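Below are the chains, spelled out letter by letter.
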Amino acid sequence: MNGTFRLARIAVDDDLPIEIAICMQPVGQAHANHEKAKGYTFNYEALKAANEDVQARSDWLIPLCTGEERLKGEDGKKVHPTQKPEGLLARVLLSSSKPGDLVMDPFNGTGTTGAVAKRLGRRYIGFERDSTYAEAARARIAAIEPLPEATLAPFMTARDAPRVAFSELIERGMIRPGTRLVDSKKRHGALVRADGAIMLGGKVGSIHRIGAVAQGSGACNGWTFWHIETKKGLRLIDELRAEIRSEMAAL
């Protein structure tokens, strides 16, 4: 399934009410940085956002497959002895693929991977030699309804977002030349020039360079440092950039 993770360890006890403990190792930095390691997907920012903006751990604790999710035959017995929980496959696919990607499971079983792939808007190919498992998987996957596209849109990172220059805010009339930019505590103020540069004292430069000068530091993200003053209070200029990006995404 897209080679983003290497399975290091999996411990499953199908008869005891324990949790699945699975250790997933991201592809090593040496591999990730290697010239040949291109084209893989690792949705780091999405994983972090879903984990309350904290980097997700590499060991996952996920409840076993039980209740209505567990497939059972007419005799009431489990169709498959080690049916995996959908929560596990959902996390794997969300972290290592994008909507429309092709997911392959060479050991299809009762179709957990396929069911989750369909729900998450991924294409799917599965292989299974046991006819009982295969029939159960077909029926299971056929009953799945994909989630709305809006809920599956890829997480846009700062690197993926379209570039917007500060001068574009001026061109659109969102900030006028002569406007005073300030930091969050109003300790520093810089004048917006018509050419898209800003001026602090005798220093002229980009929002980033002048932000660094104001703080006496080597670098600064001007988008998250400078604000404009409005009737409702200070507004971060990055919010204005976000508005432009939203318009661009809608085109």
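For the structure itself, consult the block above.
Remember, predicted model here, so these are calculated numbers, not experimental data.

Asker: Quick rundown of the nonpolar core? Include the residues and the values.
Answerer: Ranked by internal contacts, the top residues of the largest apolar core, which has 22 residues, are Phe166, Ile175, Leu181, Ile198, Trp226 and Ile237. Secondary structure elements with two or more residues in this core: helix 6 (166–171), strand 7 (189–192), strand 8 (198–200), helix 7 (207–215), helix 8 (222–225) and helix 9 (237–250). In terms of residues, this core owes the most to one element, helix 7, which gives four residues. Other than its neighbours up to four places away in sequence, Ile237 contacts Phe166, Leu169, Ile175, Leu181, Ile207, Gly222, Trp223, Trp226, His227 and Ile228. Formed by twelve residues, the second largest nonpolar core is a distinct cluster that contains Trp60, Leu93, Ala117 and Leu152.

Asker: Run through the environment of Asp130, naming residues and quoting values.
Answerer: Inspection of the secondary structure puts Asp130 in the loop between strand 5 (123–126) and helix 5 (131–142). Sequence separation between Asp130 and Gly109 is 21 residues; the distance between their C-alpha atoms is 7.9 Å. Among the polar contacts made by the side chain of Asp130, one reaches the main-chain amide nitrogen of Thr132 at a distance of 2.9 Å. Only 3.1 Å separates the side chain of Asp130 from the backbone nitrogen of Tyr133, close enough to count as a polar contact.

Asker: Describe in detail helix 7, supporting the description with residues and values.
Answerer: Within the span of helix 7, buried status applies to Ile207, Ile210, Gly211, Ala212 and Ala214. Remark: Gly216 follows helix 7 within two positions and exhibits a positive phi of approximately 70°.

Asker: Please provide a residue-by-residue account of helix 3 (residues 86–96), values included.
Answerer: Quick reminder: α-helices carry 3.6 residues per turn. Residues three or four places apart thus point the same way. In terms of burial, helix 3 is largely enclosed, as eight of its eleven residues are buried. All of the buried residues along helix 3 are Glu86, Leu88, Leu89, Ala90, Val92, Leu93, Ser95 and Ser96.

Asker: Can you tell me about the packing of helix 4 (residues 112–119) against helix 5, naming the residues and giving the values?
Answerer: Relative orientation of the contacting elements helix 4 and helix 5 amounts to 15°, with a least axis distance of 9 Å. Judged by the inter-axis angle, helix 4 sits roughly parallel to helix 5. Here helix 4 and helix 5 pass one another in a crossing that is right-handed. Side by side, helix 4 and helix 5 meet where Thr112, Gly114, Ala115 and Lys118 of the first sit next to Arg140, Ile141 and Ala142 of the second. Residue classes in the contact of helix 4 with helix 5 are distributed as three nonpolar, two polar and two charged.

Asker: Mind laying out the packing of helix 3 against helix 4, listing which residues take part and the relevant values?
Answerer: Orientation of helix 3 relative to helix 4, taken along the N-to-C sense of each, is 55°, at an axis distance of 9 Å. Judged by the angle between their axes, helix 3 and helix 4 are oblique. As for the relative orientation of helix 3 and helix 4, their crossing is right-handed in sense. In this structure, helix 3 uses Glu86, Leu89, Ala90 and Leu93 to contact helix 4, whose residues at the interface are Thr112, Thr113, Ala115, Val116, Ala117 and Arg119.

Asker: Report on the packing of aromatic side chains, specifying residues and quantitative values.
Answerer: Tallying each qualifying case throughout the model produces three aromatic pairs. On the basis of an interplanar angle of 80° and a centroid distance of 4.8 Å, the ring pair of Phe225 and Trp226 is categorised as edge-to-face. As far as the burial class goes, Phe225 and Trp226 line up, both buried. Just above the ring of Trp60 sits the side chain of Arg91; from NZ or CZ to the centre is 5.0 Å.

Asker: Explain the pattern of salt bridges to me, using residue names and the numbers behind them.
Answerer: Pairs can form between side chains of opposite charge whenever their charged atoms are close. This structure, assessed with the given rule, holds 13 salt bridges. The closest approach of N and O atoms between Arg187 and Asp183, which form a salt bridge, is 3.8 Å. Overall, Arg187 belongs to the exposed group, its relative accessible area being 61%. With a shortest N-O distance of 2.7 Å, Arg241 and Asp238 are connected by a salt bridge. Of this pair, Arg241 and Asp238 both sit in helix 9, separated by three residues, roughly a single helical turn.

Asker: How would you explain unusual backbone geometry if you had to name every residue and give the values?
Answerer: For residues besides glycine, phi is generally negative; the peptide bonds are generally trans as well. A positive phi angle, near 60°, is found at Asp53, a position not held by glycine. In this fold, Asp53 is placed in the loop between helix 2 (44–50) and strand 3 (59–63). On the basis of relative accessibility, which here comes to 57%, the residue Asp53 falls in the exposed class. A positive phi is found at Lys186, a non-glycine position, where the angle reads about 60°. Judged by its relative accessible area of 48%, Lys186 falls in the partly exposed class.

What counts as what
- Residues numbered from 1 in each chain as written.
- Predicted model: local features only at pLDDT ≥ 70, side-chain atom pairs only at ≥ 80, totals over all residues.
- Heavy atoms only, no water.
- Core = buried A, V, L, I, M, F, W, Y, C linked by side-chain atoms within 4.5 Å.
- Buried < 20%, exposed > 50% of the residue type's maximum accessible area, 1.4 Å probe, protein only.
- Helix = DSSP H or I, 4+ residues; strand = E, 2+ residues; numbered from the N terminus.
- Contact = heavy atoms within 4.5 Å.
- Polar contact = N/O pair within 3.5 Å; in protein donor to acceptor, adjacent residues only side chain to side chain.
- Axes fitted to C-alpha atoms, helices over the stretch in contact; angles between N-to-C directions.
- Parallel < 35°, antiparallel > 145°, perpendicular 65-115°, else oblique.
- Left-handed = near helix turned anticlockwise from the far one by under 90°.
- Nonpolar A, V, L, I, M, F, W, Y, C, P; charged D, E, K, R; others polar.
- Phe/Tyr/Trp six-rings, centres within 6.5 Å; stacked < 30°, edge-to-face > 60°.
- Lys NZ or Arg CZ within 6 Å of the ring centre and 35° of its normal.
- Salt bridge = Lys/Arg side-chain N within 4 Å of Asp/Glu carboxyl O.

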